[in-house]
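Residues per chain are reported as follows:
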Amino acid sequence: MTTRDARSAERSTVKGTGAGRVLPPAGPQRLLAFAQLSNSVGDGAYYVTSALYFTHVVGLSAERVGLGLTVAWAIGSLVGVPLGRLADRRGPRGIAVLLALATATAVVSFLLVRGFLPFVLAACAYASAQSGLGAARQALLASLIPAGARTGLLAHLQSTLNAGLAVGAGLGGLALHAGTRSAYLGVFALDAVSFLVCAGLLWRLPSVEPARVDRTAGGVGRVGRVGKAPRDGRGSRSGRGSERSAAAGVLRDRPYVLITFLNTVLLLRMPLLSLGIPLWITERTEAPAWLVSALFVLNTGAVMVFQVRMARGVTGLVTATRSIRRSGLVMLASCMVFALSSGVSPWIAAAVLVAGAVLQVVAEMLHSAGSWQLAFDLAPADRMGEYQGFFGTGVTVARTMGPLVLTALLVGWGTPGWLLLGGLMLGASYAMGPATRWAATRGSERPEQPEQPGGAGHQEGVGRERFEGTRREGAQDGREGGEARRQGGAGLATGATRVRLAPAGVAAAQGAEC
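Scoring rules and cut-offs
Residues numbered from 1 in each chain as written. Predicted model: local features only at pLDDT ≥ 70, side-chain atom pairs only at ≥ 80, totals over all residues. Heavy atoms only, no water. Helix = DSSP H or I, 4+ residues; strand = E, 2+ residues; numbered from the N terminus. Expected span 1.5 Å × (residues − 1). Bend = angle between axes of the 7 residues up to and from the residue. Buried < 20%, exposed > 50% of the residue type's maximum accessible area, 1.4 Å probe, protein only. Axes fitted to C-alpha atoms, helices over the stretch in contact; angles between N-to-C directions. Left-handed = near helix turned anticlockwise from the far one by under 90°. Contact = heavy atoms within 4.5 Å. Nonpolar A, V, L, I, M, F, W, Y, C, P; charged D, E, K, R; others polar. Core = buried A, V, L, I, M, F, W, Y, C linked by side-chain atoms within 4.5 Å. Polar contact = N/O pair within 3.5 Å; in protein donor to acceptor, adjacent residues only side chain to side chain.

Enquirer: Explain helix 3 (residues 62–90) here, please?
Expert: An α-helical turn contains 3.6 residues, so a residue and the one three or four places further along point in the same direction. For helix 3, with 29 residues, the first-to-last C-alpha span of 40 Å sits near the 42 Å given by 1.5 Å per residue. The largest bend along helix 3 measures about 30° and falls at Val79, with the proline Pro82 one to four residues further on. Regarding helix 3, the residues found buried are Val65, Gly68, Ala72, Gly76, Ser77, Gly80, Val81, Leu83, Gly84, Arg85, Ala87 and Asp88.

Here is the structure:
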């Protein structure tokens, strides 16, 4: 892919982030949106029916189903990193297609489950394939889409994800209404077919060859000649130390680990909608129980309509951290409003809960846009799959630990629990700024390697220049308004280290929270 092609793709994607556009521009971007839509429809149907299928049809107890899924997703979160590393080394498109096929196979295996151990094995295969697929698809997207256009495109994919989940949940509701074994089996077959369609769409995308890189002692890859170890700061070869660093992987990158941890804290909002708020409504308020469903529809619809618009101004590290700080403030306000719904009349409680839900979804969209930008910009370009696999473990941890934390805080402590939760979110959001500066300036400690010719882009500066360049971009956005935001992606002052890839390709990215 030429530099001119990259700029054209970026301009096209940025244009497509207007609120009036339901899908990204025609071409690979729209194709990846269709891939996202296909498997999210199947997932939506699976999510609303799987628990009853495993308990009513397979005959497992609810406790065993919960235990099996917890074990499966814990393993999946661990497997996501090596599968992402495999995508980096072997090429993200092929690995993404294989993992989509593996997910379809795992879903089909659920139809054959008749006991607890086979259920756990099938669930582990499903969770591992899903985690690896998300990392490979993110790496594939990052290999083509220019840094300044990724967040806008991911916003489109998040809207597509919510639309697909809504459609799938409706289909799953029909199966629940029927309540027959055949209806449940039909849902699982639909989910398997949706991943086969996703694999086919991914295969239609252009292939991306693995980046040819050397591993520096700092753990960030640089483009170099194959077969030569990179030089350290004194000009000597750093071969053995580089190999140890590469083997240690993303865990050696302490700033990125810290950012992932802080993001995991912010992701506690995910089980809030599915568990925390329903328990609060039924246990601590007089509001009608059907309001749980209404708030879910409100959240899904708002993300579908407004996520692209909310992400439009996030173009670099400074704007990303600013968006996350704002999300923390809005989330604190949301928690304070939710706390006011206890001890009042049913309809006042309902009105307060709706107001809190509106603030919560605004905080969700602000956080999503900022976290997408940080996850890509602070990851080495040649190890994008590995880093995205690690960043994605925050979703699994939040979904695993969130129910315990939220139950204790909200049901156990009541109003003080809401205030503590809001304060925790605010603290994590403000800590993102220093953590991001640490990650951006850490590049100055690493030796530079010359980039080899023959690709689509040029390496970005490292060290403090990366963050300060993005700061200047943010200031320019403030002066020039919308025009600067449309052109901000072309500057690519985002802190990402890009490598040259040929031929270029793009793929569907997994929804950030699915």
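Picking up after the structure, the text goes on.
Enquirer: Just checking my understanding: could you explain the packing of helix 14 (residues 384–413) against helix 15 (residues 415–441) for this structure?
Expert: Two numbers describe how helix 14 lies on helix 15: the axes approach to 6 Å, and their chain directions differ by 145°. In this structure, helix 14 meets helix 15 at a crossing whose hand is left-handed. Only Thr415, Pro416, Gly417, Trp418, Leu420 and Leu421 of helix 15 make contact with helix 14, whose side of the interface consists of Leu406, Leu409, Leu410 and Trp413. The residue makeup of the contact of helix 14 with helix 15, split by class, is eight nonpolar, two polar and no charged.

Enquirer: Teacher, can you tell me more about the environment of Phe296 here?
Expert: By secondary structure assignment, the location of Phe296 is in helix 11 (residues 291–311). Given the relative accessible area of 47%, Phe296 is considered partly exposed. When the C-alpha atoms of Phe296 and Ser274 are compared, they prove to be 7.9 Å apart, with 22 residues separating the residues in sequence.

Enquirer: Sorry, what's going on with helix 9 (residues 254–266) here?
Expert: Taking 1.5 Å of rise per residue, the 13 residues of helix 9 would be expected to cover 18 Å, and the 19 Å separating its terminal C-alpha atoms lies within 8% of that figure. Inspection of helix 9 places Pro255, Tyr256, Ile259, Thr260, Leu262, Asn263, Thr264, Val265 and Leu266 among the buried residues, and these make up the whole buried set. Close packing links the buried residues of helix 9 with helix 10 (269–284), helix 12 (317–339), helix 13 (346–377), helix 14 and helix 15.

Enquirer: Explain the nonpolar core here, please?
Expert: For soluble globular proteins, the rule of thumb is that nonpolar side chains tend to be buried together. Counting residues in each nonpolar core, the largest one holds 65 residues, and the members touching the most others are Tyr256, Leu272, Ile277, Leu353, Trp418 and Leu421. Looking at this core element by element, the count peaks at 11 residues for helix 13. Residues Phe54, Ala72, Phe119 and Ala127 belong to the second largest nonpolar core, which totals 21 residues.

Enquirer: Just to check I follow, could you spell out the side chain of Asn299 for this structure?
Expert: Mapped onto the secondary structure, Asn299 falls in helix 11. Side-chain polar atoms of Asn299 contact the side chain of Gln360, separated by 3.3 Å. Here Asn299 is in contact with Leu273, Gln360, Val361 and Glu364, once residues within four sequence places are set aside.

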